[in-house]
Amino acid sequence: MNHTSRSASGTSEKAFIRKLKEKLLLLKPNLASAILPTIVVTLVFFLNYFCFGMDNTMIAPFVTLSFLRFRNISNHYECMCKTWLIYIIMTLLAFVAVINLPLCIIVNAVALFWLAYTLIDEYNPTNYFPAGMALIFFQIAPAHTLQALGIRLLALSASLGIVLAFVIVLFRKKGSHNPVCSYILEGLANCEAQLSAYRKYNMQALEKLHHELCVINKKICDEIYTYNRASIRLAGRINWYCRYVALFQVINYFTTKTFDMEDYIKISSILNRFSRQFETARPTSDYKRLNFKNDALSLKAFRFRFAMRLVLVVTPCLTFAYLTNWENSYWLVISVFFMMIPVTEFTKQRISQRVTGTMLGIILCFLLFSLFQDLPGRFLVMTLANFMIYASNSYGVTVIYITCSALAMQSLDASVSIMLLQRLGYTVLGGIITLLANHFVFPIRTRKEMVILIGRLNALQRQLTALSPESCPDPDKRQYIMDGLIIKSYMLMKRLQTYHSWLPPEQQNDAFVLYEQKYMTFMGEYLEGHLLESIPLS
């Protein structure tokens, strides 16, 4: 073996070891972060089990998913109110859907389209899961009478009351500090370091700092976007901080150029003024909520295509479960719903993870259920499985524990082996249905979606360019429009970067990187020439 062959072999082995380590890190559980959601899901389960009946214990999983979202955003109380209203709507729709066959078809089709088209967006295409779970779960154990419906609504409200209590305690412990302020402080410190490196022309340090500031800006945009999406009020103070997104983009733009003392003095002055303003200003709550309304219906639109796919595939599955009334037939609906992710290219991976995780979960269930056959034992299995669900970092591993948790309480009065085979059978059938649907029913392909997003970014660029005192004389309205366009630009670019990273290595090219650099350069030039001059820095 010559030296070149040995070198290639060594490189290949190192790459294999690196990939193996990455996969093992995904399997490593995050135990500390799992404690709080496990306590929440357990308390909600037992509250419903003892106070509202076994049929309402299925509220626990999706309410806990909502808790995980609430604890990571600053606008958690308004988000909770919106979520409660959505769950109430899902409860009522599920109640109507099981009255007869026509209503089953019509109500589920309308509900699924509304969920996907309204709750989903190009920036967070998974935030429809909890509401969808509520719609499906409440048809697994339906409320057939008004009294049962009233009990279910009370159970749902009480469950969210537990979540509210935990959110209050959690944020009192953390304090009421706005996370956007923390990100801005990090960004201001980064800008100081950038100016120092810029004066010394330390390109290696600048490259690292540029990347870090881009990440900070994306976090700020994420927080502002999430706050506005969750907001019930028409105004708030968080949009005042949009100006710092502009500042950080301008700093990144200036420090990529060849050192110029005049530029250095100019940008240092701007940074000092913004830093003083951040320390002394107290934004009021009268900044108008940014508008992130969905675009008009279009066959090419991401939300419309996925909504139609859900309607055309999940509605027949729900109808099948309603008509047959076979034991556990709704498992088919659950399998299809969770495997039907929007982007087509990841379908095989998702199905493989779901089927493999279910098979391993069934094996684990068979072993555990033979040891723990009584009710307290099954409670223990369910609680431990829930803990591992929230500790897992891999979807495939999570499915193993989801299988254990879901089956722990259902197998007390049933043949364990038959029930486990049903679970596997419905999962495999759901995988086949999903694979076909994601490829042939309104598919969403990564490269085509990237082209659409680039078109939308170009449209935002034209809107920014056209915005001027002549086209919009009111400075407050002009600032409001500009803030919205800036946040949308960052959110779309972030999604575009995600799509690009999903492409196979052989399909990734420099054209996208050049487009990203060109767009960010435009943003820097535009904001330096227009936005900073229009912001009052008193």
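Conventions adopted
Residues numbered from 1 in each chain as written. Predicted model: local features only at pLDDT ≥ 70, side-chain atom pairs only at ≥ 80, totals over all residues. Heavy atoms only, no water. Helix = DSSP H or I, 4+ residues; strand = E, 2+ residues; numbered from the N terminus. Buried < 20%, exposed > 50% of the residue type's maximum accessible area, 1.4 Å probe, protein only. Contact = heavy atoms within 4.5 Å. Areas by Shrake-Rupley, 256 points an atom, 1.4 Å probe, with all protein chains shown as cover. Expected span 1.5 Å × (residues − 1). Arc of directions from axis to C-beta. Core = buried A, V, L, I, M, F, W, Y, C linked by side-chain atoms within 4.5 Å. Phe/Tyr/Trp six-rings, centres within 6.5 Å; stacked < 30°, edge-to-face > 60°. Lys NZ or Arg CZ within 6 Å of the ring centre and 35° of its normal. Polar contact = N/O pair within 3.5 Å; in protein donor to acceptor, adjacent residues only side chain to side chain. Axes fitted to C-alpha atoms, helices over the stretch in contact; angles between N-to-C directions. Parallel < 35°, antiparallel > 145°, perpendicular 65-115°, else oblique. Left-handed = near helix turned anticlockwise from the far one by under 90°. Nonpolar A, V, L, I, M, F, W, Y, C, P; charged D, E, K, R; others polar. Patch = residues over 30% accessible without salt bridge, like charges linked within 9 Å, V, L, I, M, F, W, Y side chains within 5 Å. Salt bridge = Lys/Arg side-chain N within 4 Å of Asp/Glu carboxyl O. pLDDT = per-residue confidence, 0-100.

A. Representation of the overall build of the protein within the structure. Along the protein, the regular secondary structure elements total 20 helices and two strands. Across the 538 residues in the protein, those meeting the buried criterion constitute 50%. The long-range share in the protein, meaning contacts at least 24 apart out of those at least 6 apart in sequence, stands at 81%. Here the protein has roughly 26000 Å² of accessible surface; of this, 63% comes from carbon and sulfur atoms.

B. Spotlight on helix α18 (residues 446-466). With 21 residues, α18 extends 30 Å from end C-alpha to end C-alpha; this agrees with the ideal 30 Å at 1.5 Å per step. Listed in full, the buried residues belonging to α18 are T446, E449, M450, L453, L457, L460 and L464. For α18, the angular spread of buried residues about the axis comes to 100 degrees, placing them on one side. Exposed residues pointing more than 90 degrees away from the buried face of α18 are listed as K448, V451, R462, T465 and A466.

C. Up close: the nonpolar core. Formed by 160 residues in total, the largest nonpolar core has its most connected members in F62 and I487. If near-sequence neighbours (up to four positions away) are discounted, F62 is found in contact with Y87, P130, M133, A134, F137, F138 and L156.

D. Summary view of the packing of aromatic side chains. Overall, the coordinates contain 34 aromatic pairs when judged by the stated rule. Measuring from ring centre to ring centre gives 6.2 Å for Y515 and Y519, while their planes differ by 35 degrees; the resulting arrangement is tilted. Of the two residues, Y515 and Y519 both sit in helix α20 (residues 510-534), four residues apart, roughly one turn of that helix. A relative accessible area of 16% means that Y515 is categorised as buried. The ring of F369 carries R378 above its face, with NZ or CZ at 4.2 Å from the centroid.

E. Looking closely at the environment of T347. Considering the arrangement of structural elements, one finds T347 in helix α14 (residues 347-371). Among the residues examined, T347 registers a relative accessible area of 0% and is labelled buried. When the C-alpha atoms of T347 and L435 are compared, they prove to be 6.4 Å apart, with 88 residues separating the residues in sequence. Once residues lying within four places of it in the same chain are set aside, the contact partners of T347 are I341, T434, L435 and N438. At 2.7 Å, the side chain of T347 and the backbone oxygen of T344 are in polar contact.

F. Representation of the environment of A385. Position of A385 among the secondary structure elements: in helix α15 (residues 375-391). Taking relative accessible area as the criterion, A385 reaches 5% and is therefore assigned buried. Residues A385 and A406, spaced 21 residues apart in sequence, show a C-alpha to C-alpha distance of 9.1 Å. A385 has contacts with Y401, C404 and S405, leaving out every residue within four places of it along the chain.

G. Spotlight on the environment of R233. Relative to the assigned elements, R233 resides in the loop between α9 (203-230) and β1 (235-236). Residue R233 is classed as partly exposed on the basis of its relative accessible area of 44%. Put simply, R233 and R289 are 56 residues apart on the chain and 7.7 Å apart in space, counted from C-alpha to C-alpha.

H. Highlighting the packing of helix α12 (residues 302-324) against helix α17 (residues 416-440). The interhelical angle for the contact between α12 and α17, taken along N-to-C directions, is 155 degrees, at an axis separation of 10 Å. Compared by their axis directions, α12 and α17 come out roughly antiparallel. The two elements α12 and α17 meet at a crossing, and its hand is right-handed. Residue-level contacts link R309, V313 and C317 of α12 to I433, A437 and N438 of α17. For the contact of α12 with α17, a count of residues per class yields four nonpolar, one polar and one charged.

I. Region of the structure containing a nonpolar patch on the surface. On the surface, L101, I105, I106, V110 and L323 cluster together to form a nonpolar patch covering roughly 440 Å² of accessible area. Per-element tally for the nonpolar patch: the top contributor is helix α5 (residues 101-119), with four residues. Assignment of secondary structure puts I106 in helix α5. Take I106: its relative accessible area is 53%, and that puts it in the exposed class.

J. Quick look at the pattern of salt bridges. Enumeration over the complete set of coordinates arrives at two salt bridges. The shortest N-O distance in the salt bridge between D222 and K494 comes to 2.5 Å. On the criterion of sequence distance, the pair formed by D222 in helix α9 and K494 in helix α19 (residues 475-502) is long-range, its members being 272 residues apart. Residue K494 is classed as partly exposed on the basis of its relative accessible area of 29%. For D263, the salt bridge is made with K257, and the minimal N-O distance between the two is 3.6 Å. A relative accessible area of 18% means that D263 is categorised as buried.

K. Region of the structure containing helix α3 (residues 59-70). The terminal C-alpha atoms of α3, which comprises 12 residues, lie 17 Å apart, in line with the 16 Å expected from a rise of 1.5 Å per residue. Residues I59, A60, F62, V63, T64, S66, F67 and F70 constitute the buried set of α3.

L. Geometry of the confidence of the model for the protein. Of all residues in the protein, 89% have pLDDT values of 70 or greater, and the mean over the chain is 85. Counting contacts from residues 4-8, a segment whose pLDDT is below 50, to residues more than four positions away or on other chains yields one contact.

M. The arrangement of unusual backbone geometry in detail. Of note, the phi angle at Y201 is positive, near 55 degrees, even though the residue is not glycine. Note on Y201: relative accessible area 43%, which makes it partly exposed. We note that F442 has phi near 45 degrees; this positive angle belongs to a residue other than glycine. You can see F442 is positioned in the loop between α17 and α18. Classification of F442 by relative accessible area gives partly exposed; the value is 22%.

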